[in-house]
Amino acid sequence: MSLHMAVEVVRDSEVSLTAQIQSFIKSEIAAGSLHAGTRLPSSRRLADDLDVSRSVVVEAYGQLVAEGYLEAVQGAGTRVVGHLTTQAVVPTLLGEDRVPEVRWDLRPGGGNLPDFPRRDWLACYERALRSAAPSAHAYPPLAGTPALRLELSQYLGRARGVRTTAEQLAVVGGFSQGLDLLCGVLRREGVDAIGVEDPGHPGQRQFLQECGVRPVPLPVDEAGLDVTALAATDLRAVLVTPAHQFPTGVTLSEDRREQLVRWAREVDGLIIEDDYDGGLWYERGQRPLALQRLAPERVVYAGTASKTLAPGLRLGWLAAPPDLLDRLLRERARHDLGTETLTQLAFAELLRGGLLDRHLRKLNARASTRRHALEEAVRRHLPGAEVLGPAAGLHAYVRLPRHTDEAALVSGALRRSVAVRGGAAFHARPRRGAPALVVGHAHLPRSGITEAVRVLAEVGSRAPAEVRSR
Ligand SMILES: Cc1ncc(COP(=O)(O)O)c(C=O)c1O
């Protein structure tokens, strides 16, 4: 490999060339220009580029390895060391927490996802690339490629009961971009506040705030969003997760769905349906369909590939009423020039061939065994605790006995190399309800779930003064 690195040295300095190279690399690491894990050029290549003797670079690299700035990896050259893992604590729209590397990471979201279907994706991408017309390499249509919009309209109608057409769909860069565009449109119409579920996604609350739309927390109970509380405000927009409330996992009841749609019609309001893990459902019986089908003229349905495939794809979609879609696209024209075409075409292939359905079947089967392992471990080791909500998605909400000190349990677990999020992190307002844990389980081996829950039980029982009675 013939890597290049820009290094500044002064030839007629009193400081030796070796010392200059060393201090340059150190200062670039400190300034953040040289990132953790960056591979550096070989000593021979850098010496050639700088026109210095190779021993100068060998000595500089050797010293930096000894001081812990660089690491020499056999067969992979010299790299900047990585000090911290930087996985997101919750699926973040903004901001990330960092924790040291742990044995069992039960935090939902971020990198904690099951396997990506590499082989299928590769085959679909190859097919898409081979059959792509020259126009595929031009700027994409702002609303997305027609092929993907068609496939999505059929898939969403079939799998989620969404009432839409290819013309009413827009492909976006994940739900986050969809939400950003919606905020832009709402703001232009004088709507500067939006109802959000409490507990809910902390990153989303912050994101909305940053987008200039104030999030107004509304309570959630066993039937989902409290629509009576919503109706008591003067809000005209609300963001909900009806199928599998984030993070409690409850499903919005039929009554509440009707009540919510009635509210939207009465106040000329807008409902944003975040179907973030739609398709991940392994509870017996009927899976809830999209809320949007009740009032396609009042609900923007939002989906994403972040939970079912990978957040790194940055692929999402909105099914919006026609006049709203136009405004969203005008808003988008101010942001970027569309979503990358080949990714869209590969995703269209995945849908067309039924490969997403097959992948979801596998994912659901896997997540189901993890959920069972979690339920079993909680039953055995955490008496009084209970896994709430239907078996769905990649995480579960574990309600803890009332006396538990959630914060002490979470920090005690981290000291034992188990990272987990307490329910408090998801609440906007101080809560009266029971302490809880939000457990991402789908990426873990079953034995890991059992072991991690056992650690939680030990932390809870070994430090009663700290954990139980604070
Ligand atoms: C509640 C919720 N909504 C939406 C998303 C997806 O956002 P995006 O599509 O921008 O990755 C997530 C994260 O995966 C989430 O937890």
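Residues numbered from 1 in each chain as written. Predicted model: local features only at pLDDT ≥ 70, side-chain atom pairs only at ≥ 80, totals over all residues. Heavy atoms only, no water.

Draft legend 1. Region of interest: the overall build of the protein chain. The helix and strand inventory of the protein chain stands at 15 helices and 16 strands. Taking 470 residues into account, the globule formula puts the C-alpha radius of gyration at 23 Å, and the protein chain, at 25 Å, falls close to it. Projected onto the principal axes, the alpha-carbon positions of the protein chain cover approximately 80 × 65 × 45 Å. Buried residues in the protein chain amount to 56% of all 470 residues. The long-range fraction of contacts in the protein chain, counting pairs at least 24 apart against all pairs at least 6 apart in sequence, stands at 71%. For the protein chain, the computed accessible surface area is about 21,700 Å², with 50% contributed by carbon and sulfur atoms. (Helix = DSSP H or I, 4+ residues; strand = E, 2+ residues; numbered from the N terminus. Rg over C-alpha atoms; globule rule 2.2 N^0.38 Å. Buried < 20%, exposed > 50% of the residue type's maximum accessible area, 1.4 Å probe, protein only. Contact = heavy atoms within 4.5 Å. Areas by Shrake-Rupley, 256 points an atom, 1.4 Å probe, with all protein chains shown as cover.)

Draft legend 2. Structural context of the sheet that holds strand E7 (residues 224–225). Read across the sheet, eight strands follow the order E4-E11-E10-E9-E8-E5-E6-E7 without closing on themselves; strand pairing throughout is mixed. Both outer strands of the open sheet, strand E4 (169–172) and E7, are each paired with one neighbouring strand and no more. Sheet topology places strand E6 (residues 214–221) next to E7; two bridges connect them, and they run antiparallel. Bridged to Val-220 within E7 is Leu-225. (Pairing = 2+ DSSP bridges.)

Draft legend 3. Summary view of the site of the ligand. Not every one of the 13 residues close to the ligand is listed here, only the nearest: Phe-175, Ser-176, Asp-274, Thr-304 and Ser-306. Thr-304 places a side-chain nitrogen or oxygen 2.6 Å from an oxygen atom of the ligand. Here an oxygen atom of the ligand sits 2.8 Å away from a polar atom, N or O, in the side chain of Arg-314. Coverage of the ligand by the protein chains reaches 94% of its 390 Å² of free accessible surface. Here the residues of the shell around the ligand are counted per class, giving four nonpolar, six polar and three charged. (Near = heavy atom within 4 Å. Polar contact = N/O pair within 3.5 Å; in protein donor to acceptor, adjacent residues only side chain to side chain. Nonpolar A, V, L, I, M, F, W, Y, C, P; charged D, E, K, R; others polar.)

Draft legend 4. Inspection of the state of the cysteines at higher detail. Scanning all chains against the criterion turns up zero disulfides. Residue Cys-183 stays outside any disulfide, its sulfur separated by 4.4 Å from that of Cys-211, the closest cysteine. When its relative accessible area of 2% is taken as the criterion, Cys-183 is described as buried. The class of Cys-211 is buried, set by a relative accessible area of 10%. (Disulfide = S-S within 2.5 Å.)

Draft legend 5. Representation of the side chain of Ser-153 within the structure. Structurally, Ser-153 can be placed in helix H5 (residues 146–160). The exposure class assigned to Ser-153 is buried, which follows from its relative accessible area of 11%. Setting aside chain neighbours within four positions, we find Ser-153 in contact with Thr-164, Thr-165, Ala-166 and Leu-169.

Draft legend 6. Quick look at the domain arrangement of the protein chain. Its domain assignment divides the protein chain into domain 1 (17–80), domain 2 (104–113 + 358–467) and domain 3 (118–353). Taken over C-alpha atoms, the centre of domain 1 sits 43 Å from the centre of domain 2. (Domains from an automatic or database assignment.)

Draft legend 7. Up close: empty space enclosed by the protein. Across all of its chains, the model carries two cavities of 30 Å³ or more by this definition. Taken as a whole, the largest cavity spans an internal volume of roughly 110 Å³. Lining the largest cavity are 14 residues, and of these Tyr-155, Gly-278, Thr-304, Thr-308 and Trp-317 lie nearest its centre. Of all the secondary-structure elements, those providing two or more residues to the lining of the largest cavity are H5, strand E10 (299–304) and helix H12 (355–381). Taken together, the residues of the lining of the largest cavity break down into seven nonpolar, four polar and three charged. Volume-wise, the second largest cavity comes out at about 60 Å³. Contributing to the lining of the second largest cavity are Arg-160, Ala-243, His-244, Asp-277, Gly-278, Gly-279, Leu-280, Trp-281, Arg-287, Pro-288 and Ala-392. Classifying every residue of the lining of the second largest cavity gives five nonpolar, three polar and three charged. (1 Å grid on protein atoms, 1.4 Å probe; cavity = no way out; pocket = protein on both sides within 12 Å on 5 of 7 lines; lining within 4 Å. Points joined across faces, edges and corners; volume = space filled by probe spheres on them.)

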